[in-house]
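# Chains, contacts and geometry: an overview
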Amino acid sequence: MKKMSRNVLLQMEDEEDDDDGDIVLENLGQTIISDLGSLESQQDFRTPEFEEFNGKSDSLFFNDGQRRIDFVLVYEDESRKETNKKGTNEKQRRKRQAYESNLICHGLQLEATRSVSDDKLVFVKVHAPWEVLCTYAEIMHIKLPLKPNDLKNRSSAFGTLNWFTKVLSVDESIIKPEQEFFTAPFEKNRMNDFYIVDRDSFFNPATRSRIVYFILSRVKYQVINNVSKFGINRLVNSGIYKAAFPLHDCKFRRQSEDPSCPNERYLLYREWAHPRSIYKKQPLDLIRKYYGEKIGIYFAWLGYYTQMLLLAAVVGVACFLYGYLNQDNCTWSKEVCHSDIGGKIIMCPQCDKHCPFWKLNITCESSKKLCIFDSFGTLIFAVFMGVWVTLFLEFWKRRQAELEYEWDTVELQQEEQARPEYEARCTHVVINEITQEEERIPFTAWGKCLRITLCASAVLFWILLIIASVIGIIVYRLSVFIVFSTQLKNLNGTDPIQKYLTPQTATSITASIISFIIIMILNTIYERVAIMITNFELPRTQTDYENSLTMKMFLFQFVNYYSSCFYIAFFKGKFVGYPGDPVYWLGKYRNEECDPGGCLLELTTQLTIIMGGKAIWNNIQEVLLPWIMNLIGRFHRVSGSEKITPRWEQDYHLQPMGKLGLFYEYLEMIIQFGFVTLFVASFPLAPLLALVNNILEIRVDAWKLTTQFRRLVPEKAQDIGAWQPIMQGIAILAVVTNAMIIAFTSDMIPRLVYYWSFSVPPYGNHTSYTMDGYINNTLSIFKVADFKNKSKGNPYSEQGNHTTCRYRDFRYPPGHPQEYKHNIYYWHVIAAKLAFIIVMEHLIYSVKFFISYAIPDVSKRTKSKIQREKYLTQKLLRENHLKDMTKNMGVIAERMIEAVDNNLRPKLE
């Protein structure tokens, strides 16, 4: 190793730094309990030796072929930069040298190699020797194998369909099943208890990279008056290093030339990410082994969600087909389209001054479409989805418990370490109430309250900003409706589409598109704001950090994505008054009305545009952007394409995946889950669209991870975190929203009330129950002359000789003693709607409660496995401990006997 004098650190301690934030770091050294030395104990800095690339492009080892590369750091040599800012470059070089020296002091071994295509780039390969791995495995409480697992695997529940499940499963001759072990947290003093066949394979590559990243995140590189700067993330963010990542084990298109390479990346691409494997089950164990439990649990959840969507999609399509096939029997739609009924009903203008009178039959096409979605099948489907979402959540808990056992994450919370950012700010000393010992915390109770208050205020501000944008969309709808009402008929060439493109339809489509654009813009801005707020909040562990960020982001996204749907479903057309006394929004804009058939079709349009637009946008982001970036990178490197490129350089030119990359994948799916459950009563095809999207999403995400992105640092995860309670909350809310959509947004309840009460005496004139006359019965009459009673005068006096017009409401006609007051039909409908909501909610909630109670979160077999493993593990450790004690006692006894013999022998002589 090359050495340099220690005075560089002293100069660094005295200089000011503008690149990074200051963090007080008094107890970081106490966190890493290592006997491998520290920077302060060394008299000289040590830097890695430079080695030439040996020409082995698939090698995963140092040049000696013995030490495995566990991590790679990349930096740009300051002395060879084209724009050489001497002062800044010198500062960066000294920070990097101090950091690398400290890594060596902590026991890591480094080897540097220059790039074969760009001599400015330097790759520092990091290797953790056996002693370092053992030391930090104990600190991190990593579970490692004790002995092979002798418990039998669960048999398939579809024994008679083995031929079918075999087609869907991954070929075990290609991806061999992993051997299962009993495990326990590693302890160096019990090393003989663990199943160590080969030291090189005892820690798999994912575990090695995880340990090395733990060290890299906590090693410091600069101290200024007890304020330390530390961690590879800070160095990468400040540009001192260009990248830091673990290596893929081979190319994804072909196997490695190294016979010792497991070729796991190649196998994942072939059996998981390739389009020809789209119908196969996911190799979850290999995903977990290669990328870690956190990635594995995401794909396990996504796959299970997609499987459950299959049932929902089948029922949804059946309900859609029921509505489609029965639309010709829709009596009220026939009345709207009939020339002698809908063609003679003159509807009142829907805005002041500029809107004309219009005939009801211009909404004929939309009423036909509405018959498809507003049918009895929709009610059945809404009830079914209330039960389906409960079954999904309960069965997922069972599956999650199985994965916790199989992947050794049952007691993960006890293993998780504090984040280095949290440890660094622990400056306040308090007494632990349990241990009665001193411990350090980042801030006092008052400081914590202040941070929570500021964070909550920031989140509330952004939510109010979203609500303001929704109000802006509403104002747009109100104002542009007037324009469409007056201009559409005057446009040349629009006659063929007049019956399809009504003012209501044009307003709805344009408002939905604008709403989607605003949603995506606010989404992009708030992502950064939410991360800043969570960083300021300073959660203790990475799980706490992600859960906190999850709640903030979902709360924002919930309002952002769903607010327009809630407006259409529950507010639009509900508070419009009547033509003689309309209600105005902001005192200026007259509230917009629904079509005579209700707002259900408009809600369906809104859902289709947002779901479809979101899926297209996400696929562009996830597929095209990384592919284009990698394509541009290859184009720039075409001059050096004939050279043999090492594994670390190939991976460097792939795209980095952000630390929160998986978070956005979850968020995308949970937003979709909300659309599938919250508003499914208006769009029974939503589960089908979600199913198709998810089948593609799994393979797109797999392709992206294996081909376009650098390998992620493996992370542990016990479950899907805060997303589980979020889904449970959505499931509870979905029952209410779907019941209210059927009651208040669709026209189902008014039709049922008419059929059973108002089509026959005493309220109706028909001799038997019928839907005939429904449209005429649900449209109230308004006397045009009554406009004169308002201060504005009659704005419609020049639009024809109409004496009356109709409007959507249940009010008494002019001339009645209670003219324009709500009639008896209105109160019957309101009572029926409230009764329907109460009955439907209580029915579904009762079924949900029963299902939750009947299905345990952990299956009996999984519980038995967990208990037996604990028993056998404790028994094995106890037996080994007794053996060690017996052995030690025997040694002590022999020494005592020998000592006694030595003392007695002279006396006897």
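Cut-off values and rules
- Residues numbered from 1 in each chain as written.
- Predicted model: local features only at pLDDT ≥ 70, side-chain atom pairs only at ≥ 80, totals over all residues.
- Heavy atoms only, no water.
- UniProt positions renumbered as here; feature names shortened; annotations may be inferred.
- Axes fitted to C-alpha atoms, helices over the stretch in contact; angles between N-to-C directions.
- Helix = DSSP H or I, 4+ residues; strand = E, 2+ residues; numbered from the N terminus.
- Parallel < 35°, antiparallel > 145°, perpendicular 65-115°, else oblique.
- Left-handed = near helix turned anticlockwise from the far one by under 90°.
- Contact = heavy atoms within 4.5 Å.
- Buried < 20%, exposed > 50% of the residue type's maximum accessible area, 1.4 Å probe, protein only.
- Lys, Arg positive; Asp, Glu negative; His and termini not counted.
- Salt bridge = Lys/Arg side-chain N within 4 Å of Asp/Glu carboxyl O.
- Polar contact = N/O pair within 3.5 Å; in protein donor to acceptor, adjacent residues only side chain to side chain.

The chain has the name Anoctamin in an unreviewed UniProt entry, where Saimiri boliviensis boliviensis is given as its organism. UniProt annotates the chain under Sequence similarities (unreviewed entry) with the comment "Belongs to the anoctamin family."

### Points about the packing of helix 10 (residues 284–291) against helix 11 (residues 293–325)
The N-to-C vectors of helix 10 and helix 11 enclose an angle of 150 degrees; their axes lie 7 Å apart at closest approach. The orientation of helix 10 with respect to helix 11, classified from their angle, is roughly antiparallel. As for how helix 10 packs across helix 11, the hand of that crossing is right-handed. Judged by residue contacts, L284, I287, R288 and Y291 of helix 10 engage E293, I295, G296, F299 and A300 from helix 11.

### Digging into helix 9 (residues 264–273)
For helix 9, the buried fraction is high: nine of the ten residues fall into the buried class. Looking at the buried side of helix 9, the elements it contacts are helix 10, helix 11, helix 21 (647–652) and helix 23 (686–708).

### Considerations on the side chain of D249
Along the chain, D249 falls in the loop between strand 12 (243–245) and helix 9. Comment: no salt bridge for buried D249; closest opposite-charge side chain is R711, at 5.8 Å. Polar side-chain contacts of D249 include one of 3.4 Å to the backbone nitrogen of N263. A polar contact is formed between the side chain of D249 and the backbone nitrogen of R265, at a distance of 3.2 Å. Residues contacting D249, with those up to four places away along its chain left out, are L60, S256, C261, P262, N263, E264, R265, Y290, R647 and R711.

### Some thoughts on the environment of Y589
Following the sequence through the fold, Y589 ends up in strand 20 (residues 589–590). On the basis of relative accessibility, which here comes to 22%, the residue Y589 falls in the partly exposed class. Distance from Y589 to I474, taken between C-alpha atoms, is 9.7 Å for residues 115 residues apart in sequence. Contact partners of Y589, with chain neighbours within four places excluded, come to V475, L478, S479, V583 and Y584.

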